[in-house]
Amino acid sequence: MLSWANGSRQGRAEALASQPEFTLPAMTIGLLIGCLLCFTNLYFGLQTGWISMMSLQSALLGFLVSKLLPTPLSPQQLIVVQTTAVATGTMPLAAGFVGILPALGLLEEERDGSPPIRLSWISAVGWSCSVAFFGVFLSPPLRKQVIIEEGLAFPSGTATAQLISVLYQQPPPSPSLRRRVGYRALDTEEPLDSADDQSVETDRHTQEIATRIETRDEREVIQQEGWQDLAYSLLASGVMTLAAYFFPIVFAVPLFGRHLAREWLWSFTPSLSYVGQGIIMGFPTTLSMSLGMLVGWGFLSPLSRWAEWAPGPVGDMATGARGWILWVSLAIMCADSLVSLLPVCLSYIVKLLSSYRVLKYADNPVQEAGTEDETPDRLVPVSWVVGGLIASILLGTLLVWLLFGEKGIKMWATLVGFLLGGLLSVFGVRALGETDLNPVSGLGKISQLFFAWIQPGNIVANIIAGGVAEAGAQQAGDLMQDLKTGHLLHASPRAQFYGQLIGSLLSIIVSATAFSLYQRAYAIPGPAFPAPTAYVWLSLARLLRDGQLPDKSGLFMLIFASLFAVTAGIKVIAIRRGHPYAKWVPSGVAFAIGFLNTPSFSIARLIGGLVEYWYHRRKGTTGGGDIRLIVIASGFVLGEGIVSVLTLILRTLGIGAISCWGCGGGICPGCPA
C-alpha cells in the first residue's frame with residue numbers, strides 16, 4: 001500500500017512537472033501586483049507601522065488579470081503569481097524601510113554618539129541587498145521541516161489554497177485544516193466533531209453536492225462581478241484619497257470636537273483603505289486595537305499629562321504623552337510575543353531531545369520516510385540552498401560594513417546577526433504555522449537584547465544587527481505561507497523559489513526608490529508619516545544602553561506586561577485546545593498597535609471590523625459573498641496605495657493643498673498652522 005501511495009504521488013508530480021509553471025505571463029503579473037503592494041505597504045507602514053502580506057488578495061487579483069489573457073493561468077501558475085507578488089510587496093518591512101531606516105534618521109549625536117544616518121538611494125539599495133535574500137534561501141530547508149515533516153497548518157496559506165481551489169473548481173485541498181477568521185466562506189466543508197465521525201460516509205455525498213454548488217456560485221461571482229467590484233471600490237478609495245490631499249480636513253475630521261482633535265489627537269480619518277484593512281483583519285483584531293486605543297489615548301495619555309510625567313505636547317515623542325505610552329506598548333508587545341513563542345520553543349527543544357535519544361539508543365535506527373510528493377527536479381537543490389545561504393551572509397556582512405563602517409557595527413556582529421536570524425526564524429516560522437501570527441516584533445526585541453549584551457553601548461549596532469536578524473525571520477515566515485499554498489495544490493517549489501528571488505530583487509529597486517522619494521517630499525518620521533515602529537526600535541536601543549525610563553513609565557510597563565503575559569498564555573492555551581472563543585481573547589500586539597497609532601486610524605479599522613462581523617452574521621458566507629467582500633476590501637486598500645504614488649509626485653513638484661477650510665489650525669497632519 002505504501003509503495004502504491006508513493007507511486008501515485010510521484011506520478012502526480014511528474015504529470016504536473018510537464019506543465020510549465022514559471023512562465024513569463026505569471027512572472028509579469030506577479031511583479032506588477034507586487035510593485036503595487038510594495039508602494040501600498042510602504043505608504044501604510046510609514047503611516048501606522050502595519051504591513052499586510054496580502055497573499056490571498058494577490059491570488060484574487062492575479063486570477064482576475066489572468067482572465068484577460070488569451071490562455072488563462074493554471075492554478076499552479078497563479079501560485080507563482082501570488083508568491084512573486086508577496087516577495088515583492090513585503091520588502092518594505094523585511095528591509096526595514098518602515099522601521100530601521102527611519103530610526104537611524106532619528107539619531108542625535110550628543111545623545112546617541114552618532115549623527116542622524118540617512119541613506120542615499122544607492123546606499124538604500126545596498127542595505128536592501130544585504131538582507132533581501134537570506135530569508136529566501138532559508139525557506140527551502142524550513143519548508144521540508146515544518147510543512148513536509150511536521151505538516152503545520154499555516155492557516156493563511158491554507159486559506160489561499162482553498163480560495164484557488166474554489167476559483168478553479170477543484171476539490172478543497174485539505175478540509176480538515178482550519179484557517180484564520182475572516183475568510184469563512186472559503187471553508188467548503190465544515191469541520192467534523194469527534195462525535196460525528198461515524199456519520200462521515202453518510203453525509204459525504206450531500207457535502208460534495210453542497211461544495212459543487214457553493215464553488216460554482218463563488219466562481220461565477222468572481223468572474224461576473226469581480227472586476228466591477230474591484231474597480232468601483234478602487235475608484236472610490238482613490239477619489240477620497242485625492243480629495244484628502246487637496247482638502248486635508250477630509251482625513252482629519254474633528255469628530256469629538258476641535259479641542260480634543262488639536263490637543264489630544266482625537267480625530268477621525270474616514271479612509272476607505274483603513275476600513276478595508278479592518279475588513280481584512282477581522283473584527284477580533286480590530287477590537288483589540290480599539291481597546292488599546294481607549295486605554296492608551298483615553299486613559300494613560302491624559303493621566304501622564306495631568307500628572308506631569310509627560311508635560312510636553314501630547315504628540316511629542318520625546319516629552320509628550322505619545323512618547324510616554326510608547327514605552328507601555330513596547331512592554332506589551334515584548335510580553336505577548338515572548339509568551340506566545342515560549343511553548344513553540346519548548347516543544348521544538350523537546351522534539352530535538354526526543355530525536356536525539358531515539359538515534360542514540362536505538363539498535364537499528366531507521367530514518368522515517370518523509371511525505372515529500374515532489375520529484376527532485378521540482379525541488380530546490382541542496383547545493384543551491386547551501387551556496388545561497390553562504391553567499392547571502394557574506395555579501396550582507398560586507399555590504400553592511402561598507403555602509404556603516406567599523407564604528408557603526410563590527411563585521412563579526414553582523415555575521416552573528418545573520419546566524420541569530422536563522423535561529424529565530426525557526427521559532428517564528430513554527431509560531432506562524434501554528435497560530436497564523438508571525439511574532440517578528442518580539443523576535444526583533446530579542447535580537448536587540450542579545451546585541452546589547454555582546455556589543456554594549458552602541459545604539460547604531462543594536463538597531464542594525466537587530467534589523468538583520470529580524471529580516472530573515474520575517475521574510476522566511478511570509479514566504480512559508482506561500483510554500484504551504486503551493487504544497488497543498490502541488491505547485492513546483494522550484495518555480496516558487498524563482499518567483500521569490502526575482503520578486504525580492506525587483507523590490508530592492510522599487511522599495512529604495514519609493515523610500516527616497518518619500519524622504520525628499522516629507523519629513524520621515526514626521527506629522528504625515530510618523531513611522532511609529534522607528535521609535536520602538538530607537539527607544540529600546542536607548543533603554544538597553546542607558547537604563548533610563550520616563551517618569552513612572554516603568555511601573556505601568558510592569559503592570560501591563562504582566563497582564564498581557566497572562567492574557568497571551570490564556571490565548572495560547574485556548575488556541576491549542578481549539579476553543580471556539582480563543583479569537584476573542586485580546587491580542588497583545590494588536591492592543592499595543594492601538595497605543596502606537598493615533599485614534600483616527602484605529603477608529604476607521606474598527607468600522608471595517610464591524611462591517612466584516614455584521615456581514616457574516618447577517619448575510620452569511622454562501623454564494624460567493626465572502627469572496628466579494630474580500631475583493632471590495634482589497635480595492636479599498638489598493639486604491640489609496642495607487643493614488644499615494646500620484647500624491648507623492650504632486651508633493652515633489654510642489655503642488656500642495658488647495659484649501660485648509662474646516663481645519664482651524666493644528667488638526668490636520670503637517671498643518672502649517
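About the thresholds
- Residues numbered from 1 in each chain as written.
- Predicted model: local features only at pLDDT ≥ 70, side-chain atom pairs only at ≥ 80, totals over all residues.
- Heavy atoms only, no water.
- Helix = DSSP H or I, 4+ residues; strand = E, 2+ residues; numbered from the N terminus.
- Buried < 20%, exposed > 50% of the residue type's maximum accessible area, 1.4 Å probe, protein only.
- Contact = heavy atoms within 4.5 Å.
- Areas by Shrake-Rupley, 256 points an atom, 1.4 Å probe, with all protein chains shown as cover.
- Salt bridge = Lys/Arg side-chain N within 4 Å of Asp/Glu carboxyl O.
- Axes fitted to C-alpha atoms, helices over the stretch in contact; angles between N-to-C directions.
- Parallel < 35°, antiparallel > 145°, perpendicular 65-115°, else oblique.
- Left-handed = near helix turned anticlockwise from the far one by under 90°.
- Polar contact = N/O pair within 3.5 Å; in protein donor to acceptor, adjacent residues only side chain to side chain.
- Phe/Tyr/Trp six-rings, centres within 6.5 Å; stacked < 30°, edge-to-face > 60°.
- Lys NZ or Arg CZ within 6 Å of the ring centre and 35° of its normal.
- Core = buried A, V, L, I, M, F, W, Y, C linked by side-chain atoms within 4.5 Å.
- Nonpolar A, V, L, I, M, F, W, Y, C, P; charged D, E, K, R; others polar.
- Patch = residues over 30% accessible without salt bridge, like charges linked within 9 Å, V, L, I, M, F, W, Y side chains within 5 Å.
- Disulfide = S-S within 2.5 Å.
- pLDDT = per-residue confidence, 0-100.

Trainee: Talk me through the overall build of the chain; I want residue IDs and the actual numbers.
Mentor: From N to C terminus, the chain includes 25 helices and zero strands. A total of 673 residues make up the chain; the buried ones form 57% of that total. Of the contacts made within the chain by residues no fewer than 6 positions apart, 83% connect residues no fewer than 24 positions apart. Approximately 27700 Å² of the chain is accessible, and the part contributed by carbon and sulfur atoms is 64%.

Trainee: Can you break down the environment of Phe 595 residue by residue, with the values?
Mentor: Positionally, Phe 595 belongs in helix α23 (residues 588-596). When the C-alpha positions of Phe 595 and Val 295 are compared, they lie 8.0 Å apart, and in sequence the two are 300 residues distant. Each residue touching Phe 595, except ones within four places of it in the same chain, is listed here: Gly 292, Val 295, Gly 296, Trp 297, Leu 300, Ile 325, Val 328, Ser 329 and Ile 332.

Trainee: Describe the pattern of salt bridges, with residues and values.
Mentor: Counting across every chain of the model gives three salt bridges. Among the salt bridges present, the one from Arg 378 reaches Glu 21, with a minimum N-O distance of 2.9 Å. Of the two residues, Arg 378 is situated in the loop between α15 (321-361) and α16 (382-408) and Glu 21 in the loop between α1 (2-17) and α2 (24-48); the sequence distance between them amounts to 357 residues. In this structure Arg 378 comes out as buried when scored by relative accessible area, which is 3%. For Asp 546, the salt bridge is made with Arg 545, and the minimal N-O distance between the two is 2.7 Å. Exposure remark for Arg 545: the relative accessible area of 27% places this residue in the partly exposed category.

Trainee: Before we move on, could you go through the packing of helix α14 (residues 283-306) against α23 and cite the residues and values that matter?
Mentor: The contact between α14 and α23 brings their axes to 7 Å, and the two run at 45 degrees. With respect to α23, the element α14 is oriented oblique. Classified by chirality, the crossing of α23 by α14 is right-handed. Facing α14, whose interface residues are Thr 285, Ser 288, Met 289, Leu 291, Gly 292, Met 293, Val 295, Gly 296, Trp 297 and Leu 300, α23 presents Ala 590, Phe 591, Ile 593, Gly 594 and Phe 595.

Trainee: Explain the side chain of Ser 290 residue by residue, including any values.
Mentor: Along the polypeptide, Ser 290 turns up in helix α14. What makes Ser 290 buried here is its relative accessible area of 5%. A distance of 2.9 Å separates a polar side-chain atom of Ser 290 from the backbone oxygen of Thr 286. Leave out the neighbours within four places in its chain, and Ser 290 touches Ser 602 and Leu 606.

Trainee: Let's hear about the packing of aromatic side chains: which residues, and what values?
Mentor: Applying the stated criterion across every chain, the model contains 29 aromatic pairs. Relative to Phe 44, the ring of Tyr 43 lies with its centre 5.0 Å away and its plane at 75 degrees, an arrangement referred to as edge-to-face. Among the residues examined, Tyr 43 registers a relative accessible area of 7% and is labelled buried. Ring geometry for Phe 560 and Phe 595: centres 6.4 Å apart, planes at 75 degrees, overall edge-to-face. With a gap of 35 residues between them, Phe 560 in helix α22 (residues 553-576) and Phe 595 in helix α23 connect regions that are remote in the sequence. Phe 595 carries the same exposure label as Phe 560, and that label is buried. Counting every residue linked through ring pairs, the aromatic cluster contains Tyr 43, Phe 44, Tyr 274, Tyr 518, Tyr 522, Phe 529 and Phe 601. Residue placement shows Arg 494 over the ring face of Trp 384; its charged tip is 5.0 Å from the ring centre.

Trainee: Any details on the nonpolar core? Residues and values, ideally.
Mentor: Core analysis: the biggest nonpolar cluster contains 175 residues, and Leu 46, Leu 104, Trp 127, Val 328, Phe 404, Ile 464 and Tyr 518 have the highest contact counts within it. Looking at this core element by element, the count peaks at 15 residues for helix α19 (residues 459-488). With sequence-adjacent residues up to four places away left out, Trp 127 is seen in contact with Ala 95, Ile 100, Leu 101, Leu 119, Val 400, Leu 403, Phe 404, Ile 464 and Val 468. Judged by nonpolar contacts, the second largest core, of six residues, contains Ile 249, Ala 261, Cys 663 and Cys 668.

Trainee: Residues and numbers for α23, please.
Mentor: Note on helix geometry: an α-helix contains 3.6 residues per turn, so any two residues three or four positions apart are oriented the same way. Burial analysis of α23 places eight of its nine residues in the buried class, the great majority of the element. Taken together, the buried positions of α23 are occupied by Gly 588, Ala 590, Phe 591, Ala 592, Ile 593, Gly 594, Phe 595 and Leu 596.

Trainee: Mind laying out the side chain of Ser 130, listing which residues take part and the relevant values?
Mentor: Structurally, Ser 130 can be placed in helix α8 (residues 121-131). Taking relative accessible area as the criterion, Ser 130 reaches 1% and is therefore assigned buried. In this structure, Ser 130 is in contact with Ser 392, Gly 396, Leu 399, Val 400 and Phe 418, ignoring residues within four places of it in sequence.

Trainee: Can you explain the packing of helix α9 (residues 134-149) against α16? Please cite residues and give values.
Mentor: Any two packed helices are characterised by the angle at which their axes cross and by the distance between the axes. Packing of α9 against α16 leaves a shortest axis separation of 9 Å and a crossing angle of 155 degrees. The angle between the axes of α9 and α16 places the two elements in the roughly antiparallel class. Taken as a pair, α9 and α16 cross one another with a handedness that is left-handed. Residues Phe 134, Phe 137, Leu 138, Pro 140 and Pro 141 of α9 lie in contact with α16, whose contacting residues are Trp 384, Val 385, Gly 388, Leu 389, Ser 392 and Ile 393. Of the residues assigned to the contact of α9 with α16, the class counts are nine nonpolar, two polar and no charged.

Trainee: Kindly report on a nonpolar patch on the surface, identifying the contributing residues and their values.
Mentor: A surface patch of nonpolar side chains, amounting to about 390 Å² of accessible area, comprises Val 382, Val 386, Ile 390 and Leu 394. Positionally, Val 382 belongs in helix α16. Judged by its relative accessible area of 62%, Val 382 falls in the exposed class.

Trainee: Describe the state of the cysteines, and please don't skip the residues or the numbers.
Mentor: Tallied over the entire structure, the rule returns zero disulfides. A disulfide-free cysteine, Cys 38 has its sulfur positioned 6.8 Å from the sulfur of Cys 35, the nearest such atom.

Trainee: Go over the confidence of the model for the chain, please, and point to the residues and values.
Mentor: For the chain, per-residue confidence averages 80 on the pLDDT scale, and 82% of positions sit at 70 or higher. Considering each helix and strand of the chain separately, the mean pLDDT is smallest for α1, with a value of 43, and largest for α14, with 94. Under a pLDDT of 50 for its full length, residues 175-216 has, in the predicted model, 59 contacts with residues more than four places off or in other chains.

Trainee: Which residues make up the environment of Pro 270, and what values do they have?
Mentor: Within the secondary structure, Pro 270 sits in the loop between α12 (258-264) and α13 (272-281). Relative accessible area serves as the criterion here: at 18%, Pro 270 is assigned to the buried category. For the pair formed by Pro 270 and Ile 603, sequence separation is 333 residues and the distance between their alpha carbons is 8.6 Å. Excluding anything up to four places from it in sequence, Pro 270 contacts Met 240, Val 250, Phe 251 and Val 253.

Trainee: Could you give an account of unusual backbone geometry, with specific residues and numbers?
Mentor: In this structure, the amide linkage connecting Ile 524 to the following residue, Pro 525, adopts the cis form with an omega of -10 degrees. Relative to the elements of secondary structure, Pro 525 occurs in the loop between α20 (493-521) and α21 (532-546). If you check the backbone angles, Ala 531 has positive phi at about 45 degrees while not being a glycine. The buried category is assigned to Ala 531, whose relative accessible area is 0%.

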